[in-house]
Structures are given as C-alpha cells and as structure tokens.
Amino acid sequence: MPIIINQEKTQFHLTNGKVSYIINKLKNGHLGHLYFGKALRIDEDYSHFQITDVPTGASCHTYVDDPAFSLETVKQEYPVYGTSDFREPALSIRQENGSHITDFKLVSYKVTSGKKELRELPSTFVNEEKEASTLELVLEDTILNAELTLIYTIFEEHSIITRSAKLKNNSDQAFSIERMMSASIDFPTKDLIMTQLSGTWARERHIHKRKLEPGIQAISSLRGASSHHHNPFMSLQTMDATEHQGEVYGFNLVYSGNFLAQVEVDHYEQSRVSVGIHPTRFEWNLSKDEVYESPEVVMTYSDQGLNGMSQSFHKFYQEHLIAPYWRNRNRPILINNWEATYFDFNEEKLVSFAKRAKELGIELFVLDDGWFGQRNDDTTSLGDWGEDRSKLPEGLESLSAKVRETGLEFGLWFEPEMVSPNSELNREYPDWAIGTPGRERSYGRNQFVLDFTRKEIVDYIYEKMSDIIERTQLSYIKWDMNRNITEAYSRGLAVHQQDEFFHRYLLGVYDLYKRLTTNYPHVLFESCAGGGGRFDPGMFRYAPQAWASDDTDAMERLKIQYGSSLVYPLYSIGSHVSAVPNHQTLRSTPLETRANVAYFGTFGYELNPQELSQEEEDMVKAQISNYKTYRHLIRTGEFYRLQSPFESNETAWMVVSQDRSEALVGWYKVLATPNNRKEQTVRLKGLIENASYQIEGLNRPYYGDELMNRGIPLTTEFNGVNASKAERGGDFQSNVYYLKIEK
Ligand code: GLA
C-alpha cells in the first residue's frame, strides 16, 4: 500500500519506492508539509522534519504559551494569509462580512485505490485501479462552514504525485474564492535553480534558468491561454544537478488558461512553491452545497537530473494523460497546405497535392485555413463553418471523397473559439463575441473571441463541427486559437460572476473538446494556438499532439523541440518539413537537416509537393520511409537530451527503445567550423554496454560501452583541404543514425 498512515502522529506518507511525500497534522489542526523527495523508508515517524524553533519575539504565533509555533515559518501544505503567515497563500476566501480569515482543520481522511478524474477539467487517469492510490484529506472551517479536500494520488510505476483541491460550501451564506492554488509546497532551502520554458510567437519554450533569491520569482499567463510566453511548467533542481544527475522537482499544471507558478523565498531561506490558476481576474462564488475544484498539478521527483524528470513526464503522460485510443496507435504522416498555398487554392489544386503526396508515401492530407465562408485573407469569415463554394464548388464532401480516393485520409483546420467581425455569424449574433458593454473591443488578427462561457454558443459550434466531421468522414482536426482574450466580460454571467469569466471560458473549451473526442474518438485532434500558444497538458488530454510553433525553420526548431521535450513526449510535438527559404526566418537549411529535425516529433510536410525537384522527391520518399521505420521508437522510446542548442553550436538527442535494442540519434551543427580536426563524436546514453549495435550507414558494429563512453563517430566535416573525403560541410549540418543490436 503506497500510502502509509501513522495514526498516532497523524502522518501521511505517500511512497512507491521511488518518491516520498510526507504530510502531518500540525498542533493547530492545519496540515504541515514534512518532505518531498527521494523515497524514504516506511514505518518511521518523521515529525522531526518540522522545525519550530523561531526566536521568541521574531514573529507572530498561534499560542500564547508557545511562541515557537508560528505559521510564519512552519512548513505547510495549504497555507492561508492573515493568521500569522505573511507569505503568499494557497487559499483566500472573501466572506459575506468582508473578512478573509479562515481556519481549516483536518477532520477526516480517506485512502482509495485508483484515481477519479476531475468533473469538468482535464486530468490524468488510471487505466486500472491498482495503478494508483489516492489520499483525500478533508479539512473543515467550522465558522465558515466549508469543507476543503486536498487530493493526492501516487502512481505505483511512476515517480509522480498529482495534487488538486476541492472546496464545498455547507452554509447558507455564499462566499467568494479569490485564490485557490492546485498545490503549495514549502521546501526547506533556497539553494535551488528554477527552470522555466519561456518565449513568444515563433520561438516558444526556450529554456531559462535562474538561481532562487529572496522574494518572489514567478512565471504566469493572464492571456486566457497558457501562452507562447510561459509554459505552465517549472522545475527546481539542486545546485549540483545537471541534465543527467542530481535532484530535480518538476511541476506541470493541467490547465490551458491563466496560471501562476511561483516560488517565494522567505527570510529563513525556505522556498514556497505555488502552482495554480492565476488569482488576477479570478473569483469563484460558492453558494450552499456548491463545489469548486481546482485544476490538477503533476509533480515529479527525479534523482537522474533534468533528463530523468523529462522521462518521468513523458512516460506518465503517454500512459495516463493521452487518450487511450491513441496510446498504441501510430499517427499518420501528414501534409498540410498552409505554407504552400495560404488562402489561395481550389479543389483541383488540393486534389493534385493529395495525389502527389500519396506517391511520396504521405498518409493524411490536411486542408488548413481558408476553406470556409469567403475567407481569402484573415479579415473575414471565422465562425461561418460552411465551405466556400467559390474555392470548393462541389463542396467539402466532394473534396474529401477525392482526397480519400487517392488513398489519403482527410483532415481540416478549424478555429472554433473565434468569430470575424466580418462574418455571417457576427452579423446574426453580434453579442456572441466577448466584449465589455459600452467599451470598444481590442483586435487580434482581425478577429474576436466567442463567449465560450455560454453553453448555447458551445452547442452551436459543436453542431457545426460534428456535421462536418460526419459528412466529410474527417480523420483529423487542427484546432487553432489565434488570439488572446481582452475586454473579458460575459453577457451570460451575473455582475458578481464576471471574475469567473476566464475559468468558465476554459470550461466551455474543454466541454467542446470532451464532447467531440468522446463522440468521435477516431478523429485525431492537433491543438494549435498561433503555433505553440496552448502547448499544455490540459490540451493533451484531448488532442494527443500540438503544433509546436509556426516557426518551422530547422535551426529554430532545435531550441523549440529541445525545450518542449523537458516536459512533453516527442510524440506530442507537431513538427513538419517546410520549404526554404523558411517563411519565418528566410533561412535556407538543407532538406536533409529539415527532416532530421522533424523526425523527432509527429512528422509531416508543409510545402508544395509539386515543386520538388527529382532529387528532392527521392529524398522525401526516403525520409517518409525512414520515419515509418522510426515512428514506433518516437512513440514508445525513452528520450535523452545529449547536447543543448542553448549552450553550444551543436545539438544532439536520441531516443532508445524500452528494451534498448534500437535507437535513433540526431546530431545537428548550426554553423560550420573552419579547419576542424576535433575528434567528432557524440556520447550516447541508455544503451546496453556489452551489446553490439549495427549502425545504419556505417560498415562495422560498435559496442554500447564504446558508444556511450567514447561516442558515435560523426561523418567527416569539410575542412578546406579534405574535399575528397569530406561527407558534410557548410552551415546547418546534421546526421541521424539508426542503431540496432546485431542479431
Ligand atoms: C495559425 C497556425 C498556422 C496556420 C494559420 C492559419 O497561425 O499556427 O499553422 O494554421 O494559423 O491561419
């Protein structure tokens, strides 16, 4: 049983031999945090982890005769502000009398096998009850007459604990939740390095690190989407931890909207981690018997450095987040027409693309933006989800049938949450777009956001999408979201509920996703938000893959995909080979390198297949056939980051099969080095030392120990004098190696 309870001390120890998480009941009935880290032995009393020796007079305290017991310093599990703790709280409730003081004391607890999914929010799940155990700690504030439940799940096979919180009002008096974190943890030290994934459009999820300092350090989003700018992820590592060694704690919020992930270092060098919905413009009103549930946070502990953390997240998400229908299925190699045509296409052009794509070995044709309303540019028609007959005179059914006749599956782009001011939908229902009465609306890509807090709007969009799914036998949907929310206000909400808007909006989005994926489980969803603006586990619960970035430049993608891999499995990262000069950077990288980068994701093409030269066509055919060989590895293998694009001119990574008999290695060099006679090798990871691996393209086998300790030999670089021997040269070089144990 992975949840051990010391009844005498009221101590709860969640452990699975990999990780331990220990909670106790404090003297005042609140919950104390004792430990989160490497597994500790069971059947011990860990009360001594709570140090209460504050100098008398240095702080406020709970008891007149015990000045050492101060909430200002004690490590807590779900702290509040205002009763002697002066740090940022997990919970804040505004009551009818204007007070914010609460006093939640532990009254009961329950341990169950398995894990329940959250009611309205995406969350991780178990496939069988025996995979996990759940602890529910129930606290009560008797004056408020409210019940707070903290929910913890530990998984047998993963170094993972999930947390969420639930609040129920049992009284006749309503109150308002102003802040409710998914998790709060007090670490006993500040000697930690925080890692975050930050960026912007076209350069999402770059790795940034900082040493914790006294005060607050935070990342957040207030855009109504988890955002390109900060991913809802944060890790803390010990000062000596590296990519492959040392201790790392990872936190990832299963939520796609406004969030906060922060660390507050206090005056005793303790660090309080808070992760949850951002309290700015958040409020939730609870009347009698109503329940509010927070999103879930996934927490991992690794003693194998950042890479160990990533492997935990990847494996866990593959088994407990991504829809079971897609878990053991390869996903189709797709071609998307966006960069090839933008809005300028007709049926004939698209069908000829599909025919060509089929000859290349591609499996799915995706028609991107521009097929509906009268959309010849981005100023019009969002919301008018009927085909544009001037481009598709015979309709979507005809196009879909013709594409499917070529042997490809058919997919479509939607932007369900949006409406163009210039659209039939907006003319018919001008109050469906989000806006504050009496105020001008801000624009973003010439469009407004629909008020998804209103069920009738979500229902309307559901009907439109399901009709198209059925009549075109759709296999795939790219669900885009190209602008953030401004002038947030809903005509469907009461005055006192307006700060519920952002969360209710997300509930509407999730509701639509849930209905569509439940009723059409075979339709593959790829989420997208102007590229990677909503690349988060909330989305992955419904859409197993996400378009990582509008930036398809191979060199830029090294950073984006490397950063994304910190948390998200390779098989969730939408990555395409596109034309050069690249449309975002005007950089021209070799076709080989573009594919060598895109292999480490879901793989596809975003170019005009009819503009390929014979040589390029042969290369593309070979690339597609290679990916078909590799993709089970990308889907099921373990990923190792070997060299970081953030630290040098070279990047390397690899994926190894679970039985370690196969691997795929990618190596990339941004700029060529003149007169290079450095030993050119990359040290691999995760192989079997005494197994002999055959490397495709090399004429002799290599043992795992040599490959891991000396490295795989790279091809010879042009150095000015070795023209006859050189195998590569120029900028943007790369090699991909496929290794297999010799039989
Ligand atoms: C966004 C997406 C692109 C493409 C365009 C279409 O920018 O990220 O991939 O679908 O919209 O307008």
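Throughout, a residue's number is its position along its own chain's written sequence, starting from 1. Local features are withheld for residues below a pLDDT of 70 in this predicted model, meaning they are given only at 70 or higher, and side-chain atom pairs are given and counted only at 80 or more; totals for whole chains, interfaces and linings count all residues. The side-chain figures draw on all heavy atoms in the structure; neither hydrogens nor water molecules are used.

Novice: What's the story with the overall build of the protein chain in this structure? I'm lost.
Specialist: A run of DSSP states H or I qualifies as a helix once it reaches four residues; a run of E qualifies as a strand once it reaches two. Both are numbered from the N-terminal end. On a plain count of helices and strands, the protein chain comes out with 13 helices and 39 strands. Against the globule reference of 27 Å for 743 residues, the protein chain gives a C-alpha radius of gyration of 27 Å, in line with a compact fold. Oriented by its inertia axes, the alpha-carbon framework of the protein chain measures out at about 85 × 70 × 45 Å. The cut-offs for exposure are 20% and 50% of the maximum accessible area for each residue type, with area from a 1.4 Å probe on protein chains only; residues under the lower value are buried, those over the upper are exposed, and the others partly exposed. Within the protein chain, the fraction of its 743 residues that count as buried is 62%. The long-range share in the protein chain, meaning contacts at least 24 apart out of those at least 6 apart in sequence, stands at 69%. Computed by Shrake-Rupley with a 1.4 Å probe, the accessible areas treat only the displayed protein chains as cover when residues are assessed. Carbon together with sulfur atoms contributes 47% to the accessible area of the protein chain, which is approximately 27600 Å² in total. Just so you know, the count uses Lys and Arg for positive and Asp and Glu for negative, and it drops His and the chain ends. A charged residue contributes its charge at one atom only: NZ of Lys, CZ of Arg, CG of Asp or CD of Glu. Each charge class in the protein chain was averaged separately, 79 positive and 104 negative side chains, and the resulting centres sit 2 Å apart. With C-alpha atoms as the basis for the radius of gyration, the globule rule is written as 2.2 Å multiplied by the number of residues raised to the power 0.38. We call two residues in contact whenever any of their non-hydrogen atoms come within 4.5 Å of each other.

Novice: Explain the environment of Cys60 to me, please; I cannot follow it from the model alone.
Specialist: Within the secondary structure layout, Cys60 lies in the loop between strand E4 (31–38) and strand E5 (91–94). For the pair Cys60 and Ser70, spaced 10 residues apart in sequence, the C-alpha to C-alpha distance is 6.3 Å. Among residues more than four places away in sequence, those in contact with Cys60 are Ser70, Glu72, Ser84 and Phe86.

Novice: Please explain the site of the ligand as it appears in this structure.
Specialist: Throughout, the term near means that a residue has one or more heavy atoms lying within 4 Å of the molecule or strand in question. The immediate surroundings of the ligand are formed by 13 residues, with Asp368, Asp369, Arg445, Lys478 and Asp550 found nearest. At 2.9 Å from an oxygen atom of the ligand is found a side-chain nitrogen or oxygen belonging to Asp480. As used in this structure description, the phrase polar contact means that two N or O atoms lie within 3.5 Å; if the pair is within protein, one of them must be able to donate a hydrogen and the other to accept it, and residues adjacent in sequence are counted only when both atoms belong to side chains. Within the side chain of Asn482, a nitrogen or oxygen atom sits 3.3 Å from an oxygen atom of the ligand. For the ligand, whose accessible area on its own is 300 Å², the fraction buried by protein is 96%. Considered class by class, the residues forming the shell around the ligand number 4 nonpolar, 3 polar and 6 charged. Ten residue types, Ala, Val, Leu, Ile, Met, Phe, Trp, Tyr, Cys and Pro, are classed as nonpolar, four, Asp, Glu, Lys and Arg, as charged, and the remainder, Gly among them, as polar.

Novice: I tried to follow the sheet that holds strand E33 (residues 650–656) on my own but got confused; where do I start?
Specialist: Pairing between the strands of a sheet is mediated by backbone hydrogen bonds and can be parallel or antiparallel. Paired strands, as defined in this entry, are two strands with at least two bridges between them according to DSSP. With antiparallel pairing, 6 strands are arranged side by side in an open sheet as E32-E33-E34-E39-E36-E37. In this open sheet, the two edge strands, each paired with only one partner strand, are strand E32 (638–643) and strand E37 (702–703). Note that E33 and strand E34 (residues 662–669) share 7 bridges and pair antiparallel. Residue Met654 lies in a different strand from E34, and its bridge partner there is Val665. Fitting a line to C-alpha atoms yields each axis, with helices limited to the stretch in contact; the angle taken between N-to-C directions then spans 0 to 180 degrees. Sheet strands in contact with helix H11 (residues 591–598) are E33, E34 and strand E39 (733–741), and its direction is about 50° off that of E39.

Novice: Would you explain the packing of helix H7 (residues 455–472) against helix H8 (residues 501–519) in this entry?
Specialist: Packed helices, taken two at a time, are described by the angle between their axes plus the distance between the axes. As a packed pair, H7 and H8 sit with axes 10 Å apart at the nearest point and diverge in direction by 30°. In terms of their interaxial angle, H7 and H8 are classed as roughly parallel. Handedness of the H7/H8 crossing: right-handed. Residues Val458, Asp459, Ile461, Tyr462, Met465, Ser466 and Ile469 of H7 lie in contact with H8, whose contacting residues are Gly508, Asp511, Leu512, Arg515, Leu516 and Asn519. Across the contact of H7 with H8, the residue classes break down as 7 nonpolar, 3 polar and 3 charged. Small angles under 35 degrees read as roughly parallel and large ones over 145 as roughly antiparallel, with 65 to 115 read as roughly perpendicular and the rest as oblique. Handedness of each helix crossing follows the sense of rotation of the near helix against the far helix: counterclockwise by less than a right angle gives left-handed, clockwise gives right-handed.

Novice: How do you make sense of the pairing of strand E9 (residues 160–169) when you look at a structure like this?
Specialist: Remark: a regular strand shows side chains that alternate across the two faces of the sheet. Judged by how many residues are buried, E9 sits mostly within the fold: 8 of 10 residues are covered. Bridging between strand E8 (residues 146–155) and E9 involves 9 bridges; their strand directions are antiparallel. Bridge assignment links Thr149 to a residue of E9, and that residue is Lys166. The antiparallel pairing of E8 with E9 creates a hairpin that spans 4 residues between the two strands. As defined by bridge partners, E9 adjoins strand E20 (residues 296–302) across 4 bridges and the pair is classed as antiparallel. The residue bridging Ile160 from the neighbouring strand is Thr300, located in E20.

All we've got here are geometric facts, nothing functional implied.
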